[in-house]
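Read off the chains here:
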Amino acid sequence: MKDLYLKYRDFIMEVIHFGMVGVINTLMGWVIMAVLYNLIHMNYWLSSGISYFIGSVFSYHANGKLTFKVENRDKWLPWRFAVNIIVCYLIAFSVAQPVVTKILSSGQGVSKALIDNIAMILGMCLFIVMNFFGQKFFVFRKTKKL
């Protein structure tokens, strides 16, 4: 078991650090999204989009420094990060809303607001998984030193 841990230690630590950053980011993001959607009455896409933009700025700095320990920040790094966030966001939230709508709309008395709130939670979950692998293998990928 110890050999297995040593073999995957770096990956395990990345997952733990990503999780810690993600918990902070997710709580912050959910509060922003919930306030924008439920109190200010912005629509599904605008409230989740603003929340993810703010969270992405935090995530970029925290995961670059703490999780993936990137020292050499090339000029393309912010662009790769932005592409990753946009792709993950669009896929996650485009999948979540119709799935939750289909599942919950068959029940009578389920409000659009409840469906959208549950869809935002599902979207966040899908986003987290895709974003980790996108950041690890696309954004903050380790390049071989010559």
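Read on for an overview of the structure. (Residues numbered from 1 in each chain as written. Predicted model: local features only at pLDDT ≥ 70, side-chain atom pairs only at ≥ 80, totals over all residues. Heavy atoms only, no water.)

What follows covers the overall build of the protein. Summing up its helical and strand segments, the protein has four helices and zero strands in all. In the protein, the succession of α and β elements from N to C terminus is α-α-α-α. Based on the C-alpha atoms only, the size of the protein along its principal axes is roughly 60 × 40 × 20 Å. Of all intrachain contacts in the protein linking residues separated by at least 6 positions in sequence, the fraction that spans at least 24 positions is 72%. For the protein, the accessible area works out to roughly 9,500 Å², and carbon and sulfur atoms hold 73% of it. (Helix = DSSP H or I, 4+ residues; strand = E, 2+ residues; numbered from the N terminus. Contact = heavy atoms within 4.5 Å. Areas by Shrake-Rupley, 256 points an atom, 1.4 Å probe, with all protein chains shown as cover.)

Following the criterion strictly, the structure yields 17 aromatic pairs and no others. Taking the centre distance of 5.9 Å and the plane angle of 75° together, the rings of F11 and F132 count as edge-to-face. Here F11, found in helix α1 (residues 2-39), pairs with F132, found in helix α4 (residues 112-139); they are 121 residues apart in sequence, far enough to count as distant. Judged by its relative accessible area of 33%, F11 is partly exposed. The class of F132 is buried, set by a relative accessible area of 6%. With centroids separated by 6.1 Å and ring planes inclined at 40°, the aromatic side chains of F68 and F132 adopt a geometry described as tilted. Here the residue F68 occupies a position in the loop between α2 (44-67) and α3 (77-104), and F132 occupies one in helix α4, the gap between them amounting to 64 residues. When sorted by exposure, F68 lands in the same class as F132, which is buried. Here the aromatic residues F11, F18, Y60, F68, F81, F132, F133, F137 and F140 are joined through ring pairs into a cluster of three or more. (Phe/Tyr/Trp six-rings, centres within 6.5 Å; stacked < 30°, edge-to-face > 60°. Buried < 20%, exposed > 50% of the residue type's maximum accessible area, 1.4 Å probe, protein only.)

Where α3 contacts α4, the two axes come as close as 7 Å, and the packing angle between them is 145°. In this structure, α3 meets α4 at a crossing whose hand is right-handed. Tallied by class, residues from the contact of α3 with α4 come to 25 nonpolar, seven polar and three charged. (Axes fitted to C-alpha atoms, helices over the stretch in contact; angles between N-to-C directions. Left-handed = near helix turned anticlockwise from the far one by under 90°. Nonpolar A, V, L, I, M, F, W, Y, C, P; charged D, E, K, R; others polar.)

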